[in-house]
Amino acid sequence: MTRGLAAEVTVGQRERCPSSRVVAFMPTGMVDWPGKIASTLFLSGCPLRCPYCHNPELIGARHDRSCWGALLGHLSVRRGWIDGVVVTGGEPTAAPDLIDLLETLAVKGIPVKLDTNGTSPGLLNRVLEDGLVQFVALDLKTVPERYGEIGPSGAGDAVLASIGVIRRSGVAHEFRTTVYPPLVQLDYLPRLARLVRGGDRFVLQQFRPGHTLDPAANEVRPYDPDQLAASAAVCSSYLPTITRGA
């Protein structure tokens, strides 16, 4: 539990929202930041188009200023048992005012976990160097050479740069891959583990059909949980690796 949070958070229902990309707010969860009870703030926009994306409505969602006041009000009321805030998306680093948002949370003494796809290594480096987050999770979508299938030219190289930024930062982190069969062959997983070796943790997330950006993704059959467990065992020779959702 985070000490001092109660003293720093004010209700602030009329406080200006520091980001024009804030679109949704989830009051409380125990999944988005493993081991912690956290609120989650969703930002719109993303340079990638992953077929299996479960938050497609966030890509072009309109700003909802009320979410900021709702977040601060919730933290004020639940001040004794909320550990922090997860900033996710969409893709948070696509927001030009992400730094303003994170600095505002930092001033209020609110610990932050940042979810990112790693396509903005320069911004990510600034966030980590300035100590604006306490945990970062980077989603590896596939092997670098296949990023052109889901994003702009150079996205794979940007992700490689972000991996280095995170490993050098000293900030607590995890690397994650949603194991979507058309984009992630099982023999890709040890390759990805080698790319992030030296990291804190690698997480193999089970793909689950339902409410996806590409409706065809709902027809894709996930890998068997035993296959993911076997892959995790192989990947563990490079860094600690677990499965999630399998």
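Please refer to the structure higher up on the page.
Keep in mind that what you see is a predicted model, and the values were worked out from it rather than measured.

A.B. asks: So what exactly am I meant to see when it comes to a positive patch on the surface here?
C.D. replies: A cluster of basic residues, Arg-167, Arg-168, Arg-194 and Arg-197, forms a positive patch on the protein surface. Following the sequence through the fold, Arg-194 ends up in helix 6 (residues 188-195).

A.B. asks: Sorry, what's going on with the packing of aromatic side chains here?
C.D. replies: Each aromatic ring pair is characterised by the separation of its centres together with the angle its planes make. Counted under the stated rule, the structure contains four aromatic pairs. With centroids separated by 5.1 Å and ring planes inclined at 45°, the aromatic side chains of Tyr-52 and Tyr-180 adopt a geometry described as tilted. A residue pair is termed long-range when its members are at least 10 positions apart, and Tyr-52 in the loop between strand 2 (38-43) and helix 2 (66-77) and Tyr-180 in the loop between strand 6 (172-179) and helix 6 qualify at 128 residues. Judged by its relative accessible area of 6%, Tyr-52 falls in the buried class. For the ring pair Tyr-52 and Phe-207, a centre distance of 6.5 Å and an interplane angle of 75° mean the geometry is edge-to-face. Here the residue Tyr-52 occupies a position in the loop between strand 2 and helix 2, and Phe-207 occupies one in the loop between strand 7 (202-206) and helix 7 (225-235), the gap between them amounting to 155 residues. Comparing Tyr-52 with Phe-207 shows no difference in burial state: the two are buried. An aromatic cluster is defined as three or more aromatic residues linked by ring pairs; in this entry it consists of Tyr-52, Tyr-180 and Phe-207. The positively charged end of Lys-36 is found above the aromatic ring belonging to Trp-33, 5.6 Å away from the centroid. It is Arg-191 that lies over the ring of Tyr-188; its NZ or CZ is 5.8 Å from the centre.

A.B. asks: Even after reading the chapter, I still don't get helix 3 (residues 98-107), so can you show me in this structure?
C.D. replies: At 3.6 residues per turn, the α-helix brings residues three or four places apart onto the same side. Every buried residue of helix 3 is listed here: Leu-98, Ile-99, Leu-101, Leu-102 and Leu-105. Mapping the buried residues of helix 3 onto a view down its axis gives an arc of 160°, with all of them on the same face. Next to the buried residues of helix 3 lie strand 2, helix 2, strand 3 (84-88), strand 4 (112-116) and helix 4 (121-129).

A.B. asks: How do you make sense of the environment of Leu-98 when you look at a structure like this?
C.D. replies: Looking at where Leu-98 falls in the secondary structure, it is placed in helix 3. The exposure class of Leu-98 is buried, given its relative accessible area of 0%. In this structure, the C-alpha to C-alpha distance between Leu-98 and Leu-43, residues 55 residues apart in sequence, is 9.2 Å. In this structure, Leu-98 is in contact with Leu-43, Val-87, Pro-92, Thr-93, Leu-123 and Val-127, ignoring residues within four places of it in sequence.

A.B. asks: Just to check I follow, could you spell out the nonpolar core for this structure?
C.D. replies: Note on soluble globular proteins: their nonpolar side chains tend to be buried together. Judged by nonpolar contacts, the single largest core of 63 residues is most densely connected at Val-87, Leu-140 and Phe-202. Apart from residues lying up to four places away in sequence, Val-87 is in contact with Leu-41, Leu-43, Pro-92, Leu-98, Leu-101, Leu-102, Leu-105, Val-112, Lys-113, Leu-114 and Asp-115. Core analysis: the next-biggest nonpolar cluster, separate from the first, contains five residues, Trp-33, Ala-38, Val-86 and Phe-135 among them.

A.B. asks: How should unusual backbone geometry be read in this particular structure?
C.D. replies: Among all residues except glycine, the phi angle is most often negative; among peptide bonds, the trans geometry is most common. With an omega dihedral of 15°, the bond running from Gly-89 to Gly-90 counts as a cis peptide bond. Residue position: Gly-90 is located in the loop between strand 3 and helix 3. Despite not being glycine, His-211 shows a phi value in the positive range, around 55°. Structurally, His-211 can be placed in the loop between strand 7 and helix 7.

A.B. asks: What is the right way to look at the packing of helix 4 against helix 5 (residues 155-169) in this model?
C.D. replies: Axes are the key here: two packed helices are described by the angle between their axes and the distance separating the axes. One way to put it is that helix 4 packs onto helix 5 with a least axis distance of 9 Å and a crossing angle of 10°. When the axis of helix 4 is compared with that of helix 5, the two are roughly parallel. Two secondary-structure elements touch here, helix 4 through Pro-121, Leu-124, Asn-125 and Leu-128 and helix 5 through Ala-158, Ala-161, Ser-162, Val-165, Ile-166 and Ser-169. Classifying every residue of the contact of helix 4 with helix 5 gives seven nonpolar, three polar and no charged.

Scoring rules and cut-offs
- Residues numbered from 1 in each chain as written.
- Predicted model: local features only at pLDDT ≥ 70, side-chain atom pairs only at ≥ 80, totals over all residues.
- Heavy atoms only, no water.
- Patch = residues over 30% accessible without salt bridge, like charges linked within 9 Å, V, L, I, M, F, W, Y side chains within 5 Å.
- Areas by Shrake-Rupley, 256 points an atom, 1.4 Å probe, with all protein chains shown as cover.
- Salt bridge = Lys/Arg side-chain N within 4 Å of Asp/Glu carboxyl O.
- Lys, Arg positive; Asp, Glu negative; His and termini not counted.
- Charge placed at Lys NZ, Arg CZ, Asp CG, Glu CD.
- Helix = DSSP H or I, 4+ residues; strand = E, 2+ residues; numbered from the N terminus.
- Phe/Tyr/Trp six-rings, centres within 6.5 Å; stacked < 30°, edge-to-face > 60°.
- Buried < 20%, exposed > 50% of the residue type's maximum accessible area, 1.4 Å probe, protein only.
- Lys NZ or Arg CZ within 6 Å of the ring centre and 35° of its normal.
- Arc of directions from axis to C-beta.
- Contact = heavy atoms within 4.5 Å.
- Core = buried A, V, L, I, M, F, W, Y, C linked by side-chain atoms within 4.5 Å.
- Axes fitted to C-alpha atoms, helices over the stretch in contact; angles between N-to-C directions.
- Parallel < 35°, antiparallel > 145°, perpendicular 65-115°, else oblique.
- Nonpolar A, V, L, I, M, F, W, Y, C, P; charged D, E, K, R; others polar.

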